[in-house]
Amino acid sequence: MTKTLTTAWLLLVLIAPLCAQAPLRVAAAADLEPVLPPILAEFQQATGIHAEATYQASAMLTTEVENGAPFDLFLSADLIYPKRLIDDGLADAAGSPDSSTPITYAKGTLVLWERKDSNLPLSLNLLHDPRLKSLAIADPDRAPYGRAAVAALKSLRLYDSLKPRIVTAENIAQAAQFVDSGNADAGLISLTSALTPRLASAGAYVVIPRDLYPPIEQGAVIVSKTTQRAAVHKLLDYLLSTPVQAQLAKSGLTPVH
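Fair warning: this is a prediction, and the values are worked out from it, not measured in the lab.

Student: I would appreciate a short explanation of the packing of aromatic side chains in the present structure.
Tutor: To describe a pair of aromatic rings, one takes the distance between the centres and the angle between the planes. One pass over the structure, following the stated rule, counts one aromatic pair. Between Phe43 and Tyr238, the aromatic rings sit 5.4 Å apart at their centres with planes inclined by 55 degrees, giving tilted as the arrangement. Here Phe43 is found in helix 2 (residues 36-47), whereas its partner Tyr238 is found in helix 10 (residues 229-239), with 195 residues between them in sequence. One exposure class covers both Phe43 and Tyr238, and it is buried. One Lys or Arg, Arg25, reaches over the ring of Phe71 and ends 4.9 Å from the middle of that ring. Positioned above the aromatic ring of Tyr159 is the side chain of Lys154, whose terminal nitrogen or guanidinium carbon lies 5.3 Å from the ring centre.

Student: Is there a simple way to think about the confidence of the model for the protein chain in this case?
Tutor: Interpretation of this model should avoid reading the predicted coordinates in detail wherever pLDDT is low. Summary statistics for the protein chain give a mean pLDDT of 91 and a share of 90% for residues scoring 70 or more. Note that residues 1-19 has pLDDT below 50 and, in this model, one contact with residues that lie over four places away or in other chains.

Student: What is the right way to read the UniProt feature "binding site: molybdate" (unreviewed entry) in the protein chain from this model?
Tutor: As recorded in UniProt, the feature "binding site: molybdate" (unreviewed entry) lies at Ser58 and Ile172. On the basis of their most widely separated C-alpha atoms, the annotated residues across 115 residues gather in one place, lying no more than 10.1 Å apart. Tracing the chain through its elements places Ser58 in helix 3 (residues 58-66). Beyond its immediate sequence surroundings of up to four residues, Ser58 is in contact with Ala29, Phe74, Ser76, Ala77, Tyr81, Arg142 and Pro144. Along the chain, Ile172 falls in helix 7 (residues 172-180).

Student: Whenever I open this one, the nonpolar core confuses me. Can you help?
Tutor: It is characteristic of soluble globular proteins that their nonpolar side chains tend to be buried jointly. By size, the foremost hydrophobic cluster in this structure holds 86 residues, and its most contacted members are Leu36, Leu75, Leu110, Leu135, Leu188, Ile189 and Leu235. Mapped onto the domain boundaries, this core takes at least three residues apiece from domain 1 (24-107 + 217-251) and domain 2 (110-207). Apart from the residues within four sequence positions on either side, Leu188 is in contact with Leu110, Val111, Leu112, Leu135, Ala136, Ile137, Ala149, Leu153, Ile172 and Ile208.

Student: Help me understand the sheet that holds strand 6 (residues 110-115), please; the structure alone is not making it clear to me.
Tutor: Pairing between sheet strands relies on hydrogen bonds along the backbone, with the strands arranged either parallel or antiparallel. Strand order in the open sheet formed by five strands is 8-7-9-6-10, with mixed pairing between adjacent strands. The open sheet has two free edges, formed respectively by strand 8 (166-169) and strand 10 (203-207), since each of these has just one partner strand. If you compare each strand with its neighbour and ignore which way they point, the axes differ by 30 degrees on average. In the packing of helix 5 (residues 144-155) onto the sheet, contacts are made with strand 6, strand 7 (135-138), strand 8 and strand 9 (186-190), and the angle to strand 7 comes to roughly 130 degrees. Against the sheet, helix 7 makes contact with strand 6, strand 7, strand 8 and strand 9, and its axis sits at roughly 150 degrees relative to strand 9, the strand it touches most.

Student: How do you make sense of the side chain of Gln245 when you look at a structure like this?
Tutor: By the secondary structure assignment, Gln245 is in helix 11 (residues 242-250). Among the polar contacts listed, one links the side chain of Gln245 to the backbone oxygen of Leu239, at a separation of 2.9 Å. For Gln245, the residues in contact, after removing those within four places along its chain, are Tyr105, Leu239, Leu240, Pro255, Val256 and His257.

Student: Would you explain the domain arrangement of the protein chain in this entry?
Tutor: One frequent convention defines the size of an interface as the accessible area lost when the parts assemble. According to the domain assignment, the protein chain consists of domain 1 (24-107 + 217-251) and domain 2 (110-207). Centre-to-centre, using C-alpha coordinates, domain 1 lies 26 Å away from domain 2. Domain 1 puts 17 residues into the contact, and the matching count from domain 2 is 16 residues. Counting the surface lost from both domain 1 and domain 2, the interface buries some 1100 Å², and carbon and sulfur atoms represent 63% of this. A salt bridge links Arg147 to Asp78, with the shortest nitrogen-to-oxygen separation between them at 2.6 Å. Our count for the contact surface shared by domain 1 and domain 2 stands at six residue pairs in polar contact (both at pLDDT 80 or more). Of all the secondary structure elements, the ones that give two or more residues to the side of domain 1 that touches domain 2 are helix 3 and helix 4 (80-87). Take the side of domain 1 that touches domain 2: its biggest share by element is three residues, from helix 3. Class assignment of the residues belonging to the side of domain 1 that touches domain 2 gives a composition of nine nonpolar, four polar and four charged.

Scoring rules and cut-offs
Residues numbered from 1 in each chain as written. Predicted model: local features only at pLDDT ≥ 70, side-chain atom pairs only at ≥ 80, totals over all residues. Heavy atoms only, no water. Phe/Tyr/Trp six-rings, centres within 6.5 Å; stacked < 30°, edge-to-face > 60°. Helix = DSSP H or I, 4+ residues; strand = E, 2+ residues; numbered from the N terminus. Buried < 20%, exposed > 50% of the residue type's maximum accessible area, 1.4 Å probe, protein only. Lys NZ or Arg CZ within 6 Å of the ring centre and 35° of its normal. pLDDT = per-residue confidence, 0-100. Contact = heavy atoms within 4.5 Å. UniProt positions renumbered as here; feature names shortened; annotations may be inferred. Core = buried A, V, L, I, M, F, W, Y, C linked by side-chain atoms within 4.5 Å. Domains from an automatic or database assignment. Pairing = 2+ DSSP bridges. Axes fitted to C-alpha atoms, helices over the stretch in contact; angles between N-to-C directions. Polar contact = N/O pair within 3.5 Å; in protein donor to acceptor, adjacent residues only side chain to side chain. Buried area = accessible area lost by both parts, 1.4 Å probe. Salt bridge = Lys/Arg side-chain N within 4 Å of Asp/Glu carboxyl O. Nonpolar A, V, L, I, M, F, W, Y, C, P; charged D, E, K, R; others polar.

Next comes the structure, spelled out in structure tokens:
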């Protein structure tokens, strides 16, 4: 009897993990790293569905999806990269009025951030100051916030003069780290980064006027190879719900409704 019970227990231990639902895998733009973890934790409490996120520049995540990475959902910092995946047949936006267009789940804001121990006065005039020796931005070829930073500098007619002083980071989170660590005097970063407890205590920011760069519309798409489409839809609905949209607003993203 004891042997039978032991065998049954061993079978249960071996089979249970196979029966458990695999976690949702979310490819998330780097600007979401300060924002998404508590939302995913609350989503699991509400639904029992566990979701895990990988944070990188949107272009790098797009390449990973194109190379077959087993993501279920892609949350980009723009609409261009998820639209590319839709056009290539690798993703869709099922549930939106137009399935060929990514689902906009939030809009981003670009800010100029510097440490509190900086000797340079914080304002947009800082970008004109010759004492500014280095300015961190995300890679404009990979990160939508980097593309927005370049657009803003060009609108201000400062890009050519500042180009030799630009320090390019892999993504927006790394751009914030460059300034925070002293490897750059200031940075054009996301408001989501500037509002994190670490940066909020260590520095200050000014908002870059929105008319200086194209809107940072952040889009979501469902990766076509997902085997958990129903669970992905639940997560998308959760992100677009009024309470979570309000939470996004407090974290530095402009809600879509």
